[in-house]
Amino acid sequence: MFKPVVLLGAFAAAEAFMPAAPLLSANRGVARRSPAISALRMQETPIKLTPQLFTELDKDASGTIDANEFKDALSKMGGAREVDKIFARADVNGDGEISYDEYVRLMNMDKFGDEEGGNTFVRSAKNIGLLKSDTVLGYTAMVGNKGFDPLGLAGEGADETTLNNYREAEIKHGRLAMLAAVGWPVAEELQPKIAALVGKQDLLVGGQDAAYERVPSVLNGGLENISPAFFAIGIIFSAAVEFLALQWGGKVEEGEYQPGDLGFDPLGLYRGKEESVRYDYRLKELNNGRLAMLAITWYAFEEFVTQRSVLANAGIGQ
């Protein structure tokens, strides 16, 4: 008997967390919400939303909580009549399921209040005028939402599908940037040695002094010395990845596809794990990708201005 009470108590919080009116579409604004409660009071001991509770509710381990799972949990209490009302207020995108991202949103609302879905980054950005009131970032449950949108791309006319497309592009660029952030200094350190070992041309730009040898780039020059085959292979590989993404991308609207998820998990770090673990990995990849994009931009401009390699400027190697 205790467990159904816990489950009802946890999702009854949605009554305070979410707006009383039906969910608004992505093309409309989000209604003001009443203050969120800090804990659930279905029993004398307050009950907090936790990752473990999500796992208990997700009986089929699908990664989402559907209405049937919810109704089954509440049927012994006779609370099934309230399920649709509570469920609709928890289901931000109206797909009939509560994803872990949406569940995290509820946990944040419990901690930080219900405005902007408990997202303090978005709240602060709106308060100082960096985000418009109609931005989809104000209510989305998407992981890694920091309220950063200086060009207003997530403003009027944008919806969750648009945001998924932007996220797909961001993740791809982040992954390339992470590879480049490592590959750039490694190439400056090892390419001359490998070229000398195999008797090939040193393709780094900048002369004989190792401190001034830099990787070929738009700003550094030297791209004309790179074999066309390298660029051809890069284009073919990119086209293949894009083709695969297009095949999977059609499932975004069906809720079956996470942006950037191409099924590549050779070490088994992601598949089969609890949703809280998968969420954490998605957030870490996103944050590291963002940092890497900043890093390679810094590499390019630093080498252009100083005419020295990244490693030489950092006092490493060479």
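Fair warning: this is a prediction, and the values are worked out from it, not measured in the lab.

Chemist: Lay out the overall build of the chain in plain terms, naming residues and giving numbers.
Modeler: Within the chain, the secondary structure is distributed over 11 helices and two strands. The order of helices and strands in the chain, counted from the N terminus, is α-α-α-β-α-α-β-α-α-α-α-α-α. The proportion of buried residues among the 318 residues of the chain is 38%. In the chain, the share of contacts with a sequence separation of at least 24, taken over all contacts with a separation of at least 6, comes to 58%. For the chain, the exposed area adds up to about 18,100 Å²; of that, 61% sits on carbon and sulfur atoms.

Chemist: A description of the nonpolar core should follow, citing residues and the corresponding values.
Modeler: Counting 17 residues, the largest nonpolar core has Leu 49, Tyr 100, Tyr 103 and Met 107 as its most contacted members. Contributing elements (two or more residues each) for this core: α3 (51–57), α5 (83–90) and α6 (100–112). Take this core: its biggest share by element is six residues, from α6. Each residue touching Tyr 100, except ones within four places of it in the same chain, is listed here: Pro 51, Phe 54, Gly 63, Met 107, Glu 275, Ser 276 and Tyr 279. Counting 11 residues, the second largest nonpolar core, distinct from the first, contains Leu 131, Val 136, Leu 137 and Leu 163.

Chemist: Which residues make up a nonpolar patch on the surface, and what are the values?
Modeler: On the surface, Val 218, Leu 219, Leu 223, Phe 230, Phe 231, Phe 301, Phe 304 and Val 305 cluster together into a nonpolar patch covering about 830 Å² of accessible area. For the nonpolar patch, the leading source of residues is helix α10 (residues 275–306), giving three residues. Tracing the sequence through the fold places Leu 219 in the loop between α8 (160–198) and α9 (228–249).

Chemist: With reference to specific residues and values, describe the packing of aromatic side chains.
Modeler: Throughout the structure, instances matching the rule amount to six aromatic pairs. Relative to Tyr 100, the ring of Phe 54 has its centre 5.0 Å away and its plane inclined at 85 degrees; by these criteria the two rings are edge-to-face. On the criterion of sequence distance, the pair formed by Phe 54 in helix α3 and Tyr 100 in helix α6 is long-range, its members being 46 residues apart. Using a relative accessible area of 2% as the deciding quantity, one classes Phe 54 as buried. Of the residues examined, Tyr 100 reaches a relative accessible area of 4% and is grouped as buried. Cluster of aromatic residues (ring-pair linked, three or more members): Phe 54, Tyr 100, Tyr 103 and Tyr 279.

Chemist: Let's hear about the packing of α6 against α10: which residues, and what values?
Modeler: Interaxial distance between α6 and α10 falls to 10 Å at its minimum, and their mutual angle equals 90 degrees. Relative to α10, the element α6 is oriented roughly perpendicular. Contact residues: Tyr 100, Asp 101 and Val 104 in α6; Glu 275, Ser 276, Tyr 279 and Arg 282 in α10. Within the contact of α6 with α10, the residues separate by chemical class into three nonpolar, one polar and three charged.

Chemist: Before we move on, can you summarise the packing of α8 against α10 with the specific residues and values?
Modeler: Running from amino to carboxyl end, α8 crosses α10 at an angle of 50 degrees, the nearest separation of the two axes being 7 Å. One way to sum up the angle between α8 and α10 is to call them oblique. As for the relative orientation of α8 and α10, their crossing is left-handed in sense.

Chemist: Describe the pattern of salt bridges, with residues and values.
Modeler: Summed over all chains, the structure comprises 11 salt bridges. Its salt-bridge partner being Asp 261, residue Arg 271 comes within 2.6 Å of it at the nearest N-O pair. With Arg 271 in the loop between α9 and α10 and Asp 261 in the loop between α9 and α10, this pair connects stretches of sequence that are 10 residues apart. One salt bridge in this structure joins Glu 275 and Arg 278, with 3.1 Å as the shortest N-O distance. Pair noted here: Glu 275 and Arg 278 are both in helix α10, with a separation of three residues, about one helical turn. Judged by its relative accessible area of 15%, Glu 275 is buried. Members of the salt-bridge network, linked through shared partners, are Arg 167, Glu 170 and Arg 290.

Chemist: Please give an account of the confidence of the model for the chain that cites residues and values.
Modeler: Looking at the chain as a whole, the pLDDT averages 78, with 76% of positions reaching at least 70. Confidence, read as mean pLDDT per element, is least for helix α2 (residues 14–17) in the chain (33) and greatest for α10 (95). Counting contacts from residues 1–47, a segment whose pLDDT is below 50, to residues more than four positions away or on other chains yields 107 contacts.

Chemist: Describe α8, and please don't skip the residues or the numbers.
Modeler: A maximum bend of about 45 degrees is found in α8 at Ala 187. One or two positions beyond α8, positive phi appears at Gly 199, with a value near 70 degrees.

Chemist: Quick one: what's the story with unusual backbone geometry, residue by residue and with numbers?
Modeler: Despite not being glycine, Ala 61 has its phi angle at roughly 55 degrees, a positive value. Inspection of the secondary structure assignment puts Ala 61 in the loop between α3 and β1 (64–66). On the basis of relative accessible area, Ala 61 is assigned to the exposed category, the value being 65%. Not every positive phi belongs to a glycine, and Glu 116 is a case in point at roughly 55 degrees.

How each quantity is defined
- The residue numbers shown here count from 1 along each chain, following its written sequence.
- Local features in a predicted model are, by the rule used here, given only for residues with pLDDT of at least 70; side-chain atom pairs are given and counted only at 80 or more, and totals for whole chains, interfaces and linings are based on all residues.
- Just so you know, side-chain values use all the structure's heavy atoms and leave hydrogens and water out.
- Helix and strand definitions here come from DSSP, where helices need a minimum of 4 consecutive H or I residues and strands a minimum of 2 consecutive E residues; each element is numbered from the N-terminal end.
- Here the term buried applies to any residue with accessible area under 20% of the maximum for its type, exposed to any over 50%, and partly exposed to those in between, with areas from a 1.4 Å probe on protein chains only.
- Here, two residues are considered to be in contact whenever any of their heavy atoms come within 4.5 Å of each other.
- In short, Shrake-Rupley with a 1.4 Å probe defines the accessible areas, and a residue's cover is counted only from the protein chains shown.
- By convention a nonpolar core is built from buried Ala, Val, Leu, Ile, Met, Phe, Trp, Tyr and Cys residues, the set being connected through side-chain atoms within 4.5 Å.
- Patch definition: residues with relative accessible area over 30% and no salt bridge; like charges joined within 9 Å; nonpolar side chains (Val, Leu, Ile, Met, Phe, Trp, Tyr) joined within 5 Å.
- Salt bridge, as applied in this entry: a Lys or Arg side-chain nitrogen positioned within 4 Å of an Asp or Glu carboxyl oxygen.
- Stacked, tilted and edge-to-face are the three classes applied to pairs of Phe, Tyr and Trp rings, where Trp contributes its six-membered ring and a pair requires centres within 6.5 Å; stacked means planes under 30 degrees apart, edge-to-face means over 60, and tilted covers the rest.
- A fitted line through C-alpha atoms represents every axis, and for helices the fit uses only the stretch in contact; the resulting angles, taken between N-to-C directions, go from 0 to 180 degrees.
- Roughly parallel means an angle under 35 degrees; roughly antiparallel means over 145; roughly perpendicular covers 65 to 115; every other angle is labelled oblique.
- Polar here means any residue outside two lists: the nonpolar Ala, Val, Leu, Ile, Met, Phe, Trp, Tyr, Cys and Pro, and the charged Asp, Glu, Lys and Arg; Gly therefore counts as polar.
- Here is the rule for handedness: rotate from the far helix to the near one, and if that takes an anticlockwise turn smaller than a right angle the crossing is left-handed, while a clockwise turn gives right-handed.
- As a per-residue quantity, pLDDT reports the predictor's confidence and falls between 0 and 100.
- One fitted axis covers the seven residues ending at a residue, a second covers the seven starting there, and the bend at that residue is the angle between these axes.

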